Amino acid sequence: MRKTPADPCQRLEKNTTSVRRWAHRQSRRTHNAFPSRKLAKYESRARRALCADDALATPHRNGTWVYCFTSDSRHPRGLWRRTLAKHYGTKPMSALRWHTVLDVGRLNTQEKRSWIVRDIDILSPDGDRALITLSDANSHTCAIREFDISKQKFLTRGFLASAGCEITARWLDRQHILITSAVGAQSLTAYGNPRQIRYWRRGTSLAKAPVVLECDADDVGVEIQICAPTPHWPEPRIHGIIHHDLERRRIYRIHPQARRWRRATPQALNVPDFSRIDIVRNWIILTLQQEWSTATGSYPAGSVLAMPYQDACNGAVPQEIHVLFTGTPHSTITEIHCLASGVLILATCELKPVIRFAVDPHTQHDPAVNTADRKNDRRPWYQVDLTPAHMEHLHLRVIPVDAGKSDEIWLRVDGFLTPSALYCGTVNATQLRLHRIGVEPHRFSAPSAEVRLCYAQSADGTAVPYYLVGPYDSLEGKRPTRVLLETNSDPSVAHPAYRSALGTLWLGSGYVYALALGRAKYPTSLPASTGEPRRPQSICEHSVPDFVAVAEDLLARGITSADKLAGIGTAHNALVIGNAYHRYPTHFAALAARMPLLDLSRATVCPGDSADAALPPSSADKSRDNADLCCPYHQLDIAKQSDPAQYPPLLLTTSTYDGCASATHARCFHARARKLGHASFFWENPDGGHTGYADPQQLAHLEALTFTFFDEKLAR
């Protein structure tokens, strides 16, 4: 973020020694402001909940092994381990024999670093090598290193790359990979992401590797997508995706001529820019983020379509389009998975989880269709509803056992008051057969708590959904109590989840938790894009009134009072908290913003800022005035004329090396707020990246600090 010379907080942009010392002093001041015994007690309780040794890890299968990444009290940075696939799901979890592949804590001790595992890509079908992406929690360094799984060690002469930004790599074969490159001058976009995808051959220099796709400097960045060969398509399909902004992307097929990558010519697929794609056999699966009109009809936003892959490559007007899911103003696609005989679609309709299976008839044996006519077979796809019973207020996540080659899945289920359970099953055209293979124990006790879905009316008359979790008497308004109201407008993560620290420190004490989803939970209910990327400030025009409407509804129902109501938001949702702080200070007794984005008017990006954090340089000047209107940092200029006592206490937590939202946002806001006499508290973790924590132990401290702050500032 570039600030004007008049800004007194400009010096806080850089991570110099003096700035880090300032952040340490402010963090220590925050700790000293709260009772140390209470903070230690809360942290101990949070650690027991978050660092449990019997946590249920998410499995991933590769060949004859099932891998998982897990952490516990002895291994807070995590263990990557595996067990035989033939035993997983057939034996009890406690009876499985796990083999440790990589101990991240031991690696950090040996190398004297603070590595966090970000991504693992295993070489298929061999399964003996992996590309492991490591992020240093104490810097912006990101490294990709080749790992020998059988020998359980990194290769000193294998693929090795590092950069000061996030990079990714994917296997092509044993001797070649594709990597997003940050090599050379002007190799980064204005958002600090790599501009190039390179084809890297083993034993050669990355700087000399041919560039197969490159985006413009004002784009967000590039992404790699590789589809493994199948009997229907024996060649791997390689795609490069250029993200023009937060919504628009262009997808290219990278097809080398006679395997000569220096002559590889990217070919744009004939698909809408406002869509996501998946590949299954000879079909391309489109998830529309906006309405799409073609010669065959008009398809609403939120729909899932199937069209022949070859049609998308040829650039012709698509003539064969199958509707797998029809989007509505109150539906959201959460997951798409390509299985052997169709596409599994997870969605929420009216905030209820839905599982739809779109069956590909071309994989079903039909005696009426001759073998010679199968290429011209145009039987339509058909859909089956496979949603299990009693799934209200729960979150579902599917992990394919062998994507594209099998119809077996793992299903993970949890909810606000329901610990995670893992199921194994098979999908077919008639039913979803499941059997439970593992479940986590309850981490907290809230016997009288229940979950409700409620609606508040926003200022423009829109019905805003939100969840309520708490004791029956409090939800009925018979016993007003403390309420923590969280804002989350991201439809991919705003869902019921079993949060053990929240349950232990808040729900277990008999308090109420509310999750305000806002209308952004339904992307199709937002105004259509005009071609410009959707700005965070335009989202605030809806999210802030929606958040305040929920707060007022809680007060009207008698569930709480203003002196017992707290608000919290993370990352871009902290914009809502910052605006509520300025525009509705009397509605809340305390507010907290984690990893916040609070300054939108900057033309360039600070180290660590992502596309969410600032405006592109090309539109910064014309958007600056509009950005300032909902920019909490600049609203502090208006606050100079107000009484500091009218503003609620505010807790800002951040990370020194946040890869998405620079710590500058929280530092500058806190410094200016303190100078104006506001009750601002600040804590900066030198570890952790964008999440604010590098392991469950650090998360326990963050949760304990947050709930100690609320416990001290809210009325009983």
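Structure shown above.
Keep in mind the model is a prediction, meaning the values are calculated, not measured.

Turning to the packing of helix H8 (residues 574-583) against helix H10 (residues 632-639), a few remarks are in order. Two numbers describe a pair of packed helices, the interaxial angle and the distance between the axes. Remark: H8 packs on H10, axes separated minimally by 10 Å, with the N-to-C direction vectors making an angle of 10°. Comparing their axes, H10 and H8 come out roughly parallel. Side by side, H8 and H10 meet where Leu575, Gly578, Asn579, His582 and Arg583 of the first sit next to Pro632, Gln635, Leu636 and Ala639 of the second. Split into classes, the residues belonging to the contact of H8 with H10 amount to four nonpolar, four polar and one charged.

Tallied over the full model, the rule gives 24 aromatic pairs. These aromatic residues form a ring-pair network of at least three members: Phe34, Trp506, Tyr511, Phe681, Phe707, Phe709 and Phe710. It is arginine 81 that lies over the ring of tryptophan 98; its NZ or CZ is 4.3 Å from the centre. Taking the ring centre of tyrosine 309 as reference, the NZ or CZ of arginine 237 above it sits at 5.1 Å.

Attention shifts here to the sheet that holds strand S13 (residues 211-214). One open sheet holds the four strands; their spatial order is S10-S11-S12-S13, and the pairing between them is antiparallel. Here the strands that pair on one side only, and so sit at the sheet edges, are strand S10 (169-173) and S13. Averaged over all neighbouring strand pairs, the angle between strand axes comes to 20°, with direction disregarded. Sheet topology note: the S10/strand S11 (residues 176-181) ladder contains four bridges and is antiparallel. Note on S11: the bridge partner recorded for alanine 169 is isoleucine 179.

What follows covers the nonpolar core. Membership of the largest hydrophobic core comes to 46 residues, with the highest contact counts inside it found for Leu468, Leu485, Leu554 and Phe669. The element that contributes the greatest number of residues to this core is helix H7 (residues 536-556), accounting for seven residues. Judged by nonpolar contacts, the second largest core, of 39 residues, contains Tyr467, Ala566, Leu702 and Phe709.

Moving on: the environment of glutamate 712. Within the secondary structure, glutamate 712 is located in helix H12 (residues 696-713). In this structure the C-alpha to C-alpha distance between glutamate 712 and alanine 33, which are 679 residues apart in sequence, comes to 9.7 Å. When sequence neighbours within four positions are dropped, the list of residues in contact with glutamate 712 reads Phe34, Pro35 and Lys38.

Turning our eyes to something else, we now look at unusual backbone geometry. What you tend to see is this: most non-glycine residues have negative phi, and most peptide bonds are trans. Residues serine 124 and proline 125 are joined by a peptide bond in cis, for which omega reads 5°. Here proline 125 shows up in the loop between strand S5 (115-122) and strand S6 (129-136). Phi angles above zero are rare outside glycine, and glutamine 152 is one such case at about 55°. With respect to the secondary-structure elements, glutamine 152 resides in the loop between strand S7 (142-148) and strand S8 (153-154). The class for glutamine 152 is partly exposed, based on a relative accessible area of 45%. Backbone geometry places arginine 281, a non-glycine residue, at a positive phi of 50°. For arginine 281, the location among the structural elements is in the loop between strand S18 (275-280) and strand S19 (283-288).

Close approach of charged atoms allows side chains with opposite charge to pair. One pass over the full model with this rule turns up 29 salt bridges. Residue arginine 77 is joined to aspartate 695 by a salt bridge in which the shortest nitrogen-to-oxygen separation is 2.9 Å. Here aspartate 695 lies in the loop between strand S39 (680-685) and H12 and arginine 77 lies in the loop between strand S2 (65-70) and strand S3 (79-84), a separation of 618 residues in the sequence. The residues arginine 77 and aspartate 695 share a single accessibility class, namely buried. Aspartate 136 serves as the salt-bridge partner of arginine 113, at 2.9 Å between the closest nitrogen and oxygen.

Between the first and last C-alpha of helix H1 (residues 17-32) there are 22 Å, a value that for 16 residues agrees with the 22 Å anticipated at 1.5 Å per step. For H1, the set of buried residues is Val19, Trp22, Ala23, Gln26, Ser27 and Thr30. The arc enclosing the buried residues of H1, seen along the axis, measures out at 135°, which places them on a common side. Turned more than 90 degrees away from the buried face of H1, the exposed residues are Arg21 and Asn32. Where H1 is buried, its residues touch strand S38 (650-655), helix H11 (664-675), S39 and H12.

In this structure the tally under the stated criterion is five cavities of 30 Å³ or more. Taken together, 15 residues line the largest cavity, and the ones lying closest to its centre are Thr348, Pro353, Leu394, His395 and His495. Counting residues per element, the ones that place at least two in the lining of the largest cavity are strand S25 (342-349), strand S26 (352-359) and strand S28 (394-400). A breakdown of the residues in the lining of the largest cavity according to their chemical character gives 10 nonpolar, four polar and one charged.

Along strand S15 (residues 237-243), seven of the seven residues are buried, which leaves the element largely enclosed by surrounding structure. On S15, burial covers both faces: Arg237, His239, Ile241 and His243 on one face and Ile238, Gly240 and Ile242 on the other are all buried. Where strand S14 (residues 221-227) meets S15, seven bridges bridge the pair, whose relative direction is antiparallel. Considered in S15, the bridge of glycine 221 is made with histidine 243.

Attention now goes to the packing of helix H2 (residues 36-50) against H12. Between H2 and H12, whose axes approach to 8 Å, the crossing angle comes to 135°. It follows from the interaxial angle that H2 and H12 lie oblique. With respect to the hand of their crossing, H2 and H12 are arranged in right-handed fashion. Between H2 and H12, the contacting residues are Lys38, Leu39, Tyr42, Glu43, Ala46, Arg47 and Leu50 on the first element and Pro696, Gln697, Leu699, Ala700, His701, Ala704, Leu705, Phe707, Thr708, Asp711 and Glu712 on the second. Residue composition of the contact of H2 with H12, by class: 10 nonpolar, three polar and five charged.

So, on to the state of the cysteines. Across all of its chains, the model carries zero disulfides by this definition. Of all cysteine sulfurs in the structure, the one in cysteine 668 sits closest to cysteine 9, which takes part in no disulfide; the separation is 4.7 Å. Here cysteine 338 stays unpaired: no disulfide links it, and the sulfur of cysteine 227, its closest cysteine neighbor, is 8.1 Å away.

Cut-offs applied
- Residues numbered from 1 in each chain as written.
- Predicted model: local features only at pLDDT ≥ 70, side-chain atom pairs only at ≥ 80, totals over all residues.
- Heavy atoms only, no water.
- Axes fitted to C-alpha atoms, helices over the stretch in contact; angles between N-to-C directions.
- Helix = DSSP H or I, 4+ residues; strand = E, 2+ residues; numbered from the N terminus.
- Parallel < 35°, antiparallel > 145°, perpendicular 65-115°, else oblique.
- Contact = heavy atoms within 4.5 Å.
- Nonpolar A, V, L, I, M, F, W, Y, C, P; charged D, E, K, R; others polar.
- Phe/Tyr/Trp six-rings, centres within 6.5 Å; stacked < 30°, edge-to-face > 60°.
- Lys NZ or Arg CZ within 6 Å of the ring centre and 35° of its normal.
- Pairing = 2+ DSSP bridges.
- Core = buried A, V, L, I, M, F, W, Y, C linked by side-chain atoms within 4.5 Å.
- Buried < 20%, exposed > 50% of the residue type's maximum accessible area, 1.4 Å probe, protein only.
- Salt bridge = Lys/Arg side-chain N within 4 Å of Asp/Glu carboxyl O.
- Expected span 1.5 Å × (residues − 1).
- Arc of directions from axis to C-beta.
- 1 Å grid on protein atoms, 1.4 Å probe; cavity = no way out; pocket = protein on both sides within 12 Å on 5 of 7 lines; lining within 4 Å.
- Points joined across faces, edges and corners; volume = space filled by probe spheres on them.
- Left-handed = near helix turned anticlockwise from the far one by under 90°.
- Disulfide = S-S within 2.5 Å.

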